[in-house]
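The residues making up each chain are set out below.
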Amino acid sequence: MMLTAPGAGIIILFAWLSPSNALYFHIGETEKKCFIEEIPDETMVIGKYRTQLWDKQMGSFLQATPGLGMHVEIKDPDTKIILSRQYGSDGRFTFTSHTPGEHQICLHSNSTKMALFAGGKLRVHLDIQVGEHTNNYPEIAAKDKLTELQLRARQLLDQVEQIQKEQNYQQYREERFRMTSESTNQHVLWWSIAQTLILIVTGIWQLKHLKSFFEAKKLV
Amino acid sequence: MCSYHGTIRLFVQVLWAHLLCGWAFGSELTFELPDNAKQCFYEDITVGTKCTLEFQVVTGGHYDVDCRLEDADGTVLYKEMKKQYDSFTFTAAKNGTYKFCFSNEFSTFTHKTVYFDFQVGEDPPLFPNENRVTALTQMESACVSIHEALKSVIDYQTHFRLREGQGRSRAEDLNTRVAFWSIGEAFILLVVSISQVVLLRSFFSDRKTTTTRVGS
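Residues numbered from 1 in each chain as written. Chains lettered and ligands numbered in written order. Predicted model: local features only at pLDDT ≥ 70, side-chain atom pairs only at ≥ 80, totals over all residues. Heavy atoms only, no water.

Caption draft 1: Structural view of the UniProt feature "transmembrane region" (unreviewed entry) in chain B. With numbering matched to this structure, UniProt assigns "transmembrane region" (unreviewed entry) to residues 178-200 of chain B. Counting secondary structure, residues 178-200 of chain B comes out at 100% helix and 0% strand; the distance between its end C-alpha atoms is 32 Å. (UniProt positions renumbered as here; feature names shortened; annotations may be inferred. Helix = DSSP H or I, 4+ residues; strand = E, 2+ residues; numbered from the N terminus.)

Below, the structure written as structure tokens:
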């Protein structure tokens, strides 16, 4: 049963908005929360968040607070900043990795209005989707006019592609691990030899030096 | 009449999609837990939903963390201290906000990186089929089972990657430590042997006032 175009359009609209049932956590006023995503290269990451401010008078969290902003900063594995932007109280950020490794996604609130609410507590609903989870299948079905079977095949293809990318990343990591172990091995080998040589050489030098010293002092 | 029926159908489709998106959810996050810190996450779950919480400590200290899962009324469903990796499945018995916390309060100076995967409910179907009366064809059910198998492959890959990350960070630590201490020790060796000789010489040096000459 294919999706009607307007139906798909509205679903896309709903998908754009922050999910109402996302996982949430509490963050302090100036607190910075960072999340790490270890991903292969050319992987798309979509993050959606929604914030709610604690209202002391009402004793509950407000539904939406205008003027409240979150600063999102994303760093790549070489600690280079690839995204540093201010978003509103509801936001959606997306990036594609160009190098494999640990990317860091940091969020912190920078609203000055928080200072007015003493003991400000912020509730942040967060949803981060990586790789093939970022694909919106109803949207793809409507756009490419796929039948159900074609859509399922597309989903399987995307999954397999993600597995392949992860395997490539695994190969790259294993190589780095091997290089580190080899480097440790070399260090241990050469520095042990060097230290033994230093020990012998300084021992001989000490004896020779002291012998000539005591002979000069006519003690020997 | 046609357009009215179409609109209703459209509305039902959209509502179905939105409801499904609302009920089935999964979050997978890796975050840093500083020493003496506790981090809690909350999620609203409806009764009867099957949920799974899996966590693994990626880096830091002895790779252990305290984990605690409470239901909407505060009843502790799961509590483990100093666990490295675990998986817990439960069916929500009540509606409400479930809370799970990771604590590193027992550690004084090591901060940990913790990965967790909290799956709530089943994945939503590929797209809403509001008149799914017939059973899946063989092709479709084959696709479904391949999809499930690939999902578990991806899951295994994630856990393998985390374990390998652990091993790799230990190896890198070892490498830096070996390099640092080897150079340090060689330096200390030289310094000590030279200062021994210098010190010994100073015991026998000719002083103007106090000199103890052996055999004088």
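Caption draft 2: Local environment of the pattern of salt bridges. All chains considered together, the criterion is met by 19 salt bridges over all chains. Among the salt bridges present, the one from Arg152 of chain A reaches Glu148 of chain A, with a minimum N-O distance of 3.0 Å. Pair noted here: Arg152 of chain A and Glu148 of chain A are both in helix α3 (residues 148-216), with a separation of 4 residues, about one helical turn. Residue class for Arg152 of chain A comes out buried when judged on its relative accessible area of 15%. Since its relative accessible area comes to 9%, Glu148 of chain A is described here as buried. For Glu164 of chain B, the salt bridge goes to Arg168 of chain B, with nearest N and O atoms at 3.3 Å. With Glu164 of chain B and Arg168 of chain B both in helix α2 (residues 138-203), this residue pair falls 4 residues apart, about one helical turn. Exposure remark for Arg168 of chain B: the relative accessible area of 10% places this residue in the buried category. Shared partners join several salt bridges into a network, and the residues in it are Glu38, Glu166 and Arg173 of chain A together with Arg161, Glu164 and Arg168 of chain B. (Salt bridge = Lys/Arg side-chain N within 4 Å of Asp/Glu carboxyl O. Buried < 20%, exposed > 50% of the residue type's maximum accessible area, 1.4 Å probe, protein only.)

Caption draft 3: Fine view of the packing of aromatic side chains. Tallying each qualifying case throughout the model produces 21 aromatic pairs over all chains. With centroids separated by 5.9 Å and ring planes inclined at 50°, the aromatic side chains of Phe31 of chain B and Phe102 of chain B adopt a geometry described as tilted. Pair noted here: Phe31 of chain B is in strand β1 (residues 25-33) and Phe102 of chain B is in strand β7 (residues 96-103), with a separation of 71 residues, a long-range link. Assessed through its relative accessible area of 0%, Phe102 of chain B is described here as buried. Just above the ring of Tyr169 of chain A sits the side chain of Arg173 of chain A; from NZ or CZ to the centre is 4.4 Å. Residue placement shows Arg163 of chain B over the ring face of Tyr85 of chain B; its charged tip is 5.9 Å from the ring centre. (Phe/Tyr/Trp six-rings, centres within 6.5 Å; stacked < 30°, edge-to-face > 60°. Lys NZ or Arg CZ within 6 Å of the ring centre and 35° of its normal.)

Caption draft 4: Main features of the interface of chain A and chain B. Contacts between chain A and chain B engage 65 residues on the former and 71 residues on the latter. Surface buried jointly by chain A and chain B totals about 6400 Å² across both partners, of which 65% is contributed by carbon and sulfur atoms. The tally of links from chain A across to chain B stands at 5 salt bridges. Arg161 of chain B is the salt-bridge partner of Glu166 of chain A, the closest N and O atoms lying 3.0 Å from each other. At the boundary of chain A and chain B, one finds 15 residue pairs in polar contact (both at pLDDT 80 or more). Taken together, the elements giving at least two residues each to the side of chain A that touches chain B come down to α1 (5-16), β1 (23-27), β2 (32-39), β9 (122-130), α2 (137-144) and α3 of chain A. Residue contributions to the side of chain A that touches chain B peak at 34 residues, all from α3 of chain A. Class assignment for the residues of the side of chain A that touches chain B results in 35 nonpolar, 18 polar and 12 charged. (Contact = heavy atoms within 4.5 Å. Buried area = accessible area lost by both parts, 1.4 Å probe. Polar contact = N/O pair within 3.5 Å; in protein donor to acceptor, adjacent residues only side chain to side chain. Nonpolar A, V, L, I, M, F, W, Y, C, P; charged D, E, K, R; others polar.)

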